[in-house]
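Overview (structure and organization)
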Amino acid sequence: MQRWIVGGLVTVSLLFGGLLGYYKLIYQPNLPAPVWVPLPIRVDLETARRDEVIASLKKELADEELLLKVGRDVGLARKWNLSSDMEAAREIGSRLFVRAGEADTPIGKVPAIHIGVTGKRKEREVSGEIAMRLMEDVWRILGIEPPKKGP
């Protein structure tokens, strides 16, 4: 009887260990994890005007030449094992989003425009690089002086 109990405990522990390993190594890294940079906007900006800005930013950022340049700057063809920079640009274009949201600031939550890319948890670092690189173009498109980087 004791052998059956020990055998059952070993079987159950191996089953739970396998399930935990699957969750940590396969399931969790492939969960969706969009990465974006919030661009705070004025609180009194009308919704229609905000939607116009979002639509124009999305149109400008979806330009094939701009995405090609972003892909080259970040080195996506190599990082994502793609055959060319053009293929990387198409992939960025399919993952790109510009949407309304909120941003946490020292004065509280304020309306914001989120510029980013969708991806998986295991690609979070690369997605962050793409989002930050896109922000360089957002500053240029909007004609705003980019914030100064550290001391």
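Now for a quick tour of the structure. (Residues numbered from 1 in each chain as written. Predicted model: local features only at pLDDT ≥ 70, side-chain atom pairs only at ≥ 80, totals over all residues. Heavy atoms only, no water.)

**Considering the packing of aromatic side chains**
- Taken as a whole and assessed by the stated rule, the structure comprises two aromatic pairs.
- Relative to F97, the ring of W36 lies with its centre 6.5 Å away and its plane at 65°, an arrangement referred to as edge-to-face. Of this pair, W36 sits in strand 1 (residues 35-40) while F97 is found in strand 2 (residues 96-105), placing the two residues 61 residues apart along the sequence.
- Residue classification places F97 among the buried positions, given a relative accessible area of 8%.
- A cation sits over an aromatic face here: R95 above W80, 4.4 Å from the ring centre.
- Looking at R99, its charged tip hangs above the ring of F97, at a distance of 3.9 Å from the centre. (Phe/Tyr/Trp six-rings, centres within 6.5 Å; stacked < 30°, edge-to-face > 60°. Helix = DSSP H or I, 4+ residues; strand = E, 2+ residues; numbered from the N terminus. Buried < 20%, exposed > 50% of the residue type's maximum accessible area, 1.4 Å probe, protein only. Lys NZ or Arg CZ within 6 Å of the ring centre and 35° of its normal.)

**Details of helix 5 (residues 85-95)**
- Here helix 5 has its buried residues at A88, A89, I92 and R95. Each buried residue of helix 5 sits inside an arc of 130° when the element is viewed along its axis, so together they form one side. Opposite the buried face of helix 5, at more than 90 degrees from it, the exposed residues are R90 and S94.
- Check the buried side of helix 5 and you find it contacts helix 3 (64-74), helix 4 (76-79), strand 2, strand 3 (108-117) and helix 6 (124-142). (Arc of directions from axis to C-beta. Contact = heavy atoms within 4.5 Å.)

**What about the environment of E91?**
- By the element assignment, E91 lies in helix 5.
- For E91, the side chain forms a polar contact with the side chain of R95, separated by 2.8 Å. (Polar contact = N/O pair within 3.5 Å; in protein donor to acceptor, adjacent residues only side chain to side chain.)

**A look at the nonpolar core**
- By size, the foremost hydrophobic cluster in this structure holds 30 residues, and its most contacted members are L61, L76, I113, I115, I130 and L134.
- At the level of elements, strand 1, helix 2 (47-61), helix 3, helix 5, strand 2, strand 3 and helix 6 are the ones that each hand at least two residues to this core.
- The leading source of residues in this core is helix 6, at seven residues.
- Sequence-distant contacts of L61, that is, excluding residues within four places in its chain, are made with L66, L67, L96, V98, I115, L134, D137, V138 and I141. (Core = buried A, V, L, I, M, F, W, Y, C linked by side-chain atoms within 4.5 Å.)

**Some thoughts on the sheet that holds strand 3**
- Ordered by their spatial adjacency, three strands build an open sheet running 1-3-2, and the pairing between neighbours is antiparallel. Of all the strands in the sheet, just strand 1 and strand 2 have a single pairing partner and so form its edges. The sheet shows a mean angle of 35° between the axes of neighbouring strands, direction not considered.
- In this structure, strand 1 lies alongside strand 3, joined through six bridges in antiparallel fashion. Its bridge partner being in strand 3, P40 is matched across the sheet by A112.
- The sheet strands contacting helix 2 are strand 2 and strand 3, and the helix crosses strand 2 at an angle near 130°.
- Sheet contacts for helix 6: strand 1, strand 2 and strand 3; angle to strand 1, the most-contacted strand, approximately 30°. (Pairing = 2+ DSSP bridges. Axes fitted to C-alpha atoms, helices over the stretch in contact; angles between N-to-C directions.)

**Notes on unusual backbone geometry**
- Backbone geometry places N81, a non-glycine residue, at a positive phi of 55°.
- Looking at the element boundaries, N81 is found in the loop between helix 4 and helix 5.

**Here we look at the packing of helix 3 against helix 5**
- Contact pair helix 3 / helix 5: the axes reach a minimum separation of 8 Å and the direction vectors enclose 110°. The pairing of helix 3 with helix 5 is recorded here as roughly perpendicular in orientation. In contact with E64, L67, L68, V70, G71 and R72 of helix 3, helix 5 contributes D85, M86, A89, I92 and G93.
- Residue composition of the contact of helix 3 with helix 5, by class: six nonpolar, two polar and three charged. (Parallel < 35°, antiparallel > 145°, perpendicular 65-115°, else oblique. Nonpolar A, V, L, I, M, F, W, Y, C, P; charged D, E, K, R; others polar.)

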